[in-house]
Amino acid sequence: MDDIMALIDGAPWREAVNYRKTWPHEYVVIKKDGQEELLAAFCERIARGEGVECMFFSQRRKYLFLGEYKYWTMTDCRDIDLDTDDYVLNRALLYRDRRDFVIQPGDTGT
């Protein structure tokens, strides 16, 4: 875990300002921010089965839970092609309740 944690600590996380009051989180833009190695480490963990499938309303995606954060991409790791596109890796502080696993209608993120 140390390798990915060092990459996470060195990444230039920025606040997703538009979601500050609803679904607060941070993100890095992989190619723009030079975080290809971090994305590779994240996807390797997902491929090894360390990801937890969770629901965000009707969307299913795999999250990686590390330390006080959960991490995710909007694109399945198997579909990522850095030769043709750029991608975002997101992270959010854990809620430590069901919202870490299932977001339901009526949830506000606060």
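Just above, that's the structure.
Residues numbered from 1 in each chain as written. Predicted model: local features only at pLDDT ≥ 70, side-chain atom pairs only at ≥ 80, totals over all residues. Heavy atoms only, no water.

Caption draft 1: Representation of the overall build of the protein within the structure. Within the protein one finds two helices and seven strands. Counted from the first residue to the last, the protein has its helices and strands arranged as α-β-β-α-β-β-β-β-β. The C-alpha radius of gyration computed for the protein amounts to 14 Å, which stays within 12% of the reference 13 Å derived for 110 residues, consistent with globular compactness. C-alpha extents for the protein along the principal axes are approximately 40 × 30 × 30 Å. Looking at the protein as a whole, 38% of its 110 residues are labelled buried. Relative to all contacts within the protein whose residues are 6 or more apart in sequence, the contacts with residues 24 or more apart total 54%. A total accessible area of about 6,800 Å² is found for the protein, and carbon and sulfur atoms account for 49% of it. Side chains of the protein give 16 positive and 21 negative charges; the mean places of these two sets differ by 7 Å. (Helix = DSSP H or I, 4+ residues; strand = E, 2+ residues; numbered from the N terminus. Rg over C-alpha atoms; globule rule 2.2 N^0.38 Å. Buried < 20%, exposed > 50% of the residue type's maximum accessible area, 1.4 Å probe, protein only. Contact = heavy atoms within 4.5 Å. Areas by Shrake-Rupley, 256 points an atom, 1.4 Å probe, with all protein chains shown as cover. Lys, Arg positive; Asp, Glu negative; His and termini not counted. Charge placed at Lys NZ, Arg CZ, Asp CG, Glu CD.)

Caption draft 2: The arrangement of helix H2 (residues 36-47) in detail. Helix length check: H2, at 12 residues, gives a terminal C-alpha distance of 16 Å against a target of 16 Å (1.5 Å per residue), a fit within 8%. Listed as buried for H2 are Leu38, Leu39, Ala41, Phe42, Cys43, Arg45 and Ile46. Two residues or fewer past H2, glycine 49 is found with a positive phi of approximately 90°. (Expected span 1.5 Å × (residues − 1).)

Caption draft 3: Molecular detail of the environment of tyrosine 69. Looking at where tyrosine 69 falls in the secondary structure, it is placed in strand E5 (residues 69-73). Exposure remark for tyrosine 69: the relative accessible area of 22% places this residue in the partly exposed category. Taking the C-alpha atoms as reference points, tyrosine 69 and histidine 25, separated by 44 residues in sequence, lie 9.6 Å from one another.

Caption draft 4: Layout of the environment of leucine 94. Tracing the backbone shows leucine 94 in the loop between strand E6 (88-93) and strand E7 (102-103). Distance from leucine 94 to tyrosine 71, taken between C-alpha atoms, is 9.8 Å for residues 23 residues apart in sequence. For leucine 94, the residues in contact, after removing those within four places along its chain, are Phe65, Gly67, Glu68, Tyr69, Lys70 and Asp100.

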